[in-house]
Every structure is written in C-alpha cells, then in structure tokens.
Amino acid sequence: MSSPSKRREMDLMKLMMSDYKVEMINDGMQEFYVHFNGPIESPYHGGVWKIRVELPDAYPYKSPSIGFVNKIYHPNVDEMSGSVCLDVINQTWSPMFDLVNVFEVFLPQLLLYPNPSDPLNGEAAALMMRDRASYEQRVKEYCEKYAKAEDIGGATEDKSSDDEELTEDEYDSSDEQMAGQADP
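Residues numbered from 1 in each chain as written. Predicted model: local features only at pLDDT ≥ 70, side-chain atom pairs only at ≥ 80, totals over all residues. Heavy atoms only, no water.

All right, on to the nonpolar core then. Formed by 39 residues in total, the largest nonpolar core has its most connected members in L15, F32, W49, I51, V53, F103 and L107. Elements that contribute at least two residues to this core include exactly α1 (4-17), β2 (31-37), β3 (48-54), β4 (65-68), α2 (87-90), α3 (99-112), α4 (122-130) and α5 (132-146). Examining the composition of this core, we find that 8 residues originate from one element, α3, more than from any other. With residues up to four places along the chain from it excluded, the contact list for F103 reads L15, Y20, V34, F36, I51, V53 and P108. (Core = buried A, V, L, I, M, F, W, Y, C linked by side-chain atoms within 4.5 Å. Buried < 20%, exposed > 50% of the residue type's maximum accessible area, 1.4 Å probe, protein only. Helix = DSSP H or I, 4+ residues; strand = E, 2+ residues; numbered from the N terminus. Contact = heavy atoms within 4.5 Å.)

According to UniProt, the "active site" (unreviewed entry) feature falls on C85. Along the polypeptide, C85 turns up in the loop between β4 and α2. The class of C85 is buried, set by a relative accessible area of 17%. Excluding residues that lie within four positions of it along the chain, C85 makes contacts with N76, N90, L110, D118 and L120. (UniProt positions renumbered as here; feature names shortened; annotations may be inferred.)

Quick look at the packing of aromatic side chains now. Evaluated as defined, the whole model comprises 10 aromatic pairs. Aromatic pair Y44 and W49: ring centres 6.0 Å apart, planes at 65°, arrangement edge-to-face. Of the two residues, Y44 and W49, neither departs from the other in class, the shared state being buried. When the centroid spacing of 6.0 Å and the interplanar angle of 40° are considered together, the rings of Y73 and Y135 count as tilted. Of this pair, Y73 sits in the loop between β4 and α2 while Y135 sits in helix α5, and the two are 62 residues apart along the sequence. Owing to a relative accessible area of 1%, Y73 belongs among the buried residues under this scheme. An aromatic cluster is built from Y59, W93, F97 and F106, whose rings are joined through pairwise contacts. Here K50 stacks its cationic end above the ring of Y33, 4.9 Å away from the centre of that ring. (Phe/Tyr/Trp six-rings, centres within 6.5 Å; stacked < 30°, edge-to-face > 60°. Lys NZ or Arg CZ within 6 Å of the ring centre and 35° of its normal.)

Structurally, N37 can be placed in strand β2. Take N37: its relative accessible area is 48%, and that puts it in the partly exposed class. The spatial distance from the C-alpha of N37 to the C-alpha of W49 is 6.4 Å, given a sequence separation of 12 residues. For N37, the residues in contact, after removing those within four places along its chain, are G47 and V48.

Further remarks concern the confidence of the model for the protein chain. Summing up the model confidence of the protein chain, the mean pLDDT is 83 and the portion of residues at 70 or higher is 82%. Taken as a whole, residues 156-184 scores under 50 in pLDDT and shows 13 contacts with residues more than four places along the chain or in a different chain. (pLDDT = per-residue confidence, 0-100.)

As a further point, take α5. Between its terminal C-alpha atoms α5 stretches 21 Å, which fits the 21 Å expected from 15 residues at 1.5 Å a residue. In this fold, the buried residues of α5 make contact with β3 and α4. (Expected span 1.5 Å × (residues − 1).)

For an α-helix the count is 3.6 residues per turn, leaving residues at separations of three or four pointing the same way. All of the buried residues in α4 are A124, A125, L127 and M128. What you see down the axis of α4 is that its buried residues fit within an arc of 165°, all on one side. Turned more than 90 degrees away from the buried face of α4 sit M129 and R130, all of them exposed. Summarising the contacts, the buried residues of α4 are in contact with α5. Where α4 begins, the capping side chain belongs to N121, and its oxygen is found 3.2 Å from the backbone nitrogen of E123. (Arc of directions from axis to C-beta. Polar contact = N/O pair within 3.5 Å; in protein donor to acceptor, adjacent residues only side chain to side chain.)

Turning our attention to the sheet that holds β3. Reading across from one edge, β1-β2-β3-β4 is the order of the 4 strands in this open sheet, with antiparallel pairing throughout. Two strands in the sheet have a free side with no partner beyond their single neighbour: β1 (22-24) and β4. In this sheet, neighbouring strand axes are inclined to one another by 25° on average, regardless of whether the strands run parallel or antiparallel. Bridging between β3 and β4 involves 4 bridges; their strand directions are antiparallel. What sits directly across from R52, in β4, is G67. Across the face of the sheet, α1 comes into contact with β1 and β2 while running at roughly 135° to β1. The sheet contacts of α3 involve β2, β3 and β4, and relative to β2 the element is tilted by about 50°. (Pairing = 2+ DSSP bridges. Axes fitted to C-alpha atoms, helices over the stretch in contact; angles between N-to-C directions.)

This is how it looks when you write it as structure tokens:
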C-alpha cells in the first residue's frame, strides 16, 4: 500500500461491497455508519445496530473508533455513549486487520462472548455473572426496544445535513404550504 489514504479507501470499498449497509456521515471517507446485525446464536439475534466508525488519519496503523449509536445491553459497551471495550480495537490493533474484520469477527465475538470482568456497563456485568437467564432476557428486551431494523434510521446523532431529504412528517410540518394537494 502506498499510503494510509489509499488503504482507507480500499478497506471502505471492501466493506461497502460486503453485505453491510454503509452510510457516509460527510464528504470524507473518515466517518460513517454501518448497520450491524446481532449474531445468530446469541441473545442479540434479531437486533440491528447502527455503528459509528471514525477512521483516524493514521489508519490502518491506528485503530478505528467504533461505537454503538442505538442502545445495547452489554457488559463491554457503555450504555450512554456506546463506546466499546474491545482489546483488539483499543490495544492490540494491527494494520493486518481491516474494517471487514471488525464487523465479521471482532463485534460478533464481542456479542457472543462478553467479558464481565472488564466492564463498561457494571450493571450488565453484575447481572450476567449473577443470573445469566435474567441477563439474556434484558438483552432481548433492549433488542426489542432499541435495535429493530426500522428504528435505526432515526438513530443518527447529527441530522444537520443541508441536503438531507425530509421525511413525510417533517415535510408536512413545514411552515411553507404546498400549492396543491398530492393525489392519494
């Protein structure tokens, strides 16, 4: 690879060509959202999360910043900020890894094998260690409440883009009136 920017472009294109939905946040290639499905054999199955990814200028030599936008109940994810505690991203990152690894290996492993002894969400960690069935029930409740595919469209952090399309409700609530009514 000749430069980090070329590698960033290549990794992002590889992620976009995979089965993941990728939404760019701005004109650059450094910030974007990825729609991530919970692993099949886990209590997170059926949940869909919007993951915010920020690539540092030194990517791939420096790890991406990864965070859940919609809520998830997990010992290693901060419930308020969505920050992830994952060694491979935070400490042992290598330029040999790419963005597809994050979504096909690292995040699924995090959801399949939580580490309650190194928590960002102490309540989830304590419940998991004390009562695994209740923990899994709480995970499923959060999936139902916060992680439905139809919900993640509204889970974006900053909706200030000038060229963003208005939803029908937003358009209807506009101060400007349409010249005529649309046919039903």
